[in-house]
Amino acid sequence: MKRIAVLASGNGSNLQALIDQLNVPNSPAEISLVVANVASAHALTRGREAGIPTFFVPHEGRGDRQNYEKLLIQLLQEYAIDFVCLAGFMRLLTHRFLDAYPLRVLNVHPALLPSFPGTHAPLQALKAGVKLSGCTIHLVNEGVDSGPILAQAAVPVLENDDVDSLSARIQNVEHQLYPQVVRLFAEGRLRTKDNLFFLDGWSP
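Residues numbered from 1 in each chain as written. Predicted model: local features only at pLDDT ≥ 70, side-chain atom pairs only at ≥ 80, totals over all residues. Heavy atoms only, no water.

## Looking at the pairing of strand E5 (residues 105-109)
Two faces make up the sheet, and in a regular strand the side chains alternate between them.
Phase 1 of the analysis: Most of E5 sits out of view: five of its five residues are buried.
Phase 2 of the analysis: In E5, alternate side chains face the same way, and those of Val-105, Asn-107 and His-109 on one face and Leu-106 and Val-108 on the other are all buried.
Phase 3 of the analysis: One ladder, built from three bridges, connects strand E4 (residues 83-87) with E5; its direction is parallel. Bridge pairing in E5 places Leu-86 opposite Asn-107.
Phase 4 of the analysis: Crossover E4 to E5 through helix H4 (residues 95-100) is right-handed.
Phase 5 of the analysis: For E5 and strand E6 (residues 132-139), the ladder comprises four bridges, and the chain directions are antiparallel. Looking at E6, one finds that Asn-107 is bridged to His-138. (Buried < 20%, exposed > 50% of the residue type's maximum accessible area, 1.4 Å probe, protein only. Helix = DSSP H or I, 4+ residues; strand = E, 2+ residues; numbered from the N terminus. Pairing = 2+ DSSP bridges. Right-handed = clockwise from strand over helix to strand, strands pointing away.)

Laid out in C-alpha cells, this is it:
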C-alpha cells in the first residue's frame, strides 16, 4: 500500500474526498499524513478527525522557500511517504521539494488547463465567457499549474452562474476525479510516450 501525504491550506474538501475513497479496505493507497501551512485551515480538523497524523507547519519565519521545504521533506520522510497530493496548497514548490519526490507530486486545479491557471480560476472562466469549465489533475512542476496533465473532467458554465455556483459544480467532479486518478497512480499506472504522460485504465 502506498503512503500519501496531503498538503493543504484551506477547507480541505478534496482531502476529505481522498480520505473517504482511499482509506478503505483493499485500497492501493492511504492518506498517511496531512500537513497544512495555515493555522485556520479546516483540513487540519479533517485530518485529525480521520485519525491521521496531522501537522500545522507554518511557512512564516522559515526563511526562503527551500528552507521551508526542507522541513516538509524531513516530515514526509519520517512518515515514509511515497507520493504527495496537493489539495488547495497555496504555495509554489521549488526544485528542492520536487527533486525529493520526482514525478510523485499531484495537484487538482479547478479549470481545464492550460486555460485559467493560478488563483480564482472559476472567476477567470466567468469573465472569459466560456461555455465549459471543469477540473484538471496534473503532475506538479515549478511553474504555475503547468505540469503534465493526467486527467480532466468538464462541467457546463450556465448563464446564471456566479463564482459560488460554478465552483460548487467543479468541486463535485473534483471529488470524484481526484481519488480515481490517485488510485490509478498508486497502482503504478503512470506511463510516458513521446514526452506525454498518461494513466493506463483511465478514460474521461
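## Side note on the sheet that holds strand E7 (residues 149-156)
Phase 1 of the analysis: Across the sheet, which stays open at both edges, the seven strands sit in the order E3-E2-E1-E4-E5-E6-E7 with mixed pairing between neighbours. The two strands at the open ends of the sheet, each matched to only one other strand, are strand E3 (54-56) and E7. Going across the sheet, the axis of each strand differs from the next one's by a mean of 20°, ignoring polarity.
Phase 2 of the analysis: Relative to E4, strand E1 (residues 2-8) is paired through five bridges, and the arrangement is parallel. Paired with Ala-8 across the strands is Ala-87, a residue of E4.
Phase 3 of the analysis: Relative to the sheet, helix H1 (residues 13-22) contacts E1, strand E2 (29-36), E4 and E5, its axis offset from that of E2 by approximately 155°. (Axes fitted to C-alpha atoms, helices over the stretch in contact; angles between N-to-C directions. Contact = heavy atoms within 4.5 Å.)

## A short note on the nonpolar core
Phase 1 of the analysis: If you look at the biggest cluster of nonpolar residues, it comprises 40 residues, and the most contacted ones within it are Ile-4, Ile-31, Leu-106 and Val-182.
Phase 2 of the analysis: With 10 residues, helix H6 (residues 163-186) is the largest single contributor of residues to this core.
Phase 3 of the analysis: Judged by nonpolar contacts, the second largest core, of 21 residues, contains Ile-73, Leu-75, Leu-76 and Val-140. (Core = buried A, V, L, I, M, F, W, Y, C linked by side-chain atoms within 4.5 Å.)

## Notes on the layout of surface pockets
Phase 1 of the analysis: The volume enclosed by the largest pocket comes to roughly 890 Å³.
Phase 2 of the analysis: In terms of lining residues, the largest pocket is bounded by 35 residues, among which Gly-88, Met-90, Val-108, His-109 and Pro-110 are the most central.
Phase 3 of the analysis: Elements with a contribution of two residues or more to the lining of the largest pocket: H1, E4, E5, helix H5 (121-128) and H6.
Phase 4 of the analysis: For the lining of the largest pocket, the element with the highest residue contribution is H6, accounting for five residues. (1 Å grid on protein atoms, 1.4 Å probe; cavity = no way out; pocket = protein on both sides within 12 Å on 5 of 7 lines; lining within 4 Å. Points joined across faces, edges and corners; volume = space filled by probe spheres on them.)

## Observations concerning unusual backbone geometry
Phase 1 of the analysis: Omega for the bond connecting Leu-113 with Pro-114 falls within 30 degrees of zero, at 10°, which places this linkage in the cis form.
Phase 2 of the analysis: Residues other than glycine seldom take positive phi values, yet Ala-80 does so here, at roughly 50°.
Phase 3 of the analysis: Topologically, Ala-80 is positioned in the loop between helix H3 (65-78) and E4.
Phase 4 of the analysis: A residue is classified by how much of its surface remains accessible, and Ala-80, at 45% relative accessible area, is partly exposed.
Phase 5 of the analysis: If you check the backbone angles, Leu-103 has positive phi at about 55° while not being a glycine.

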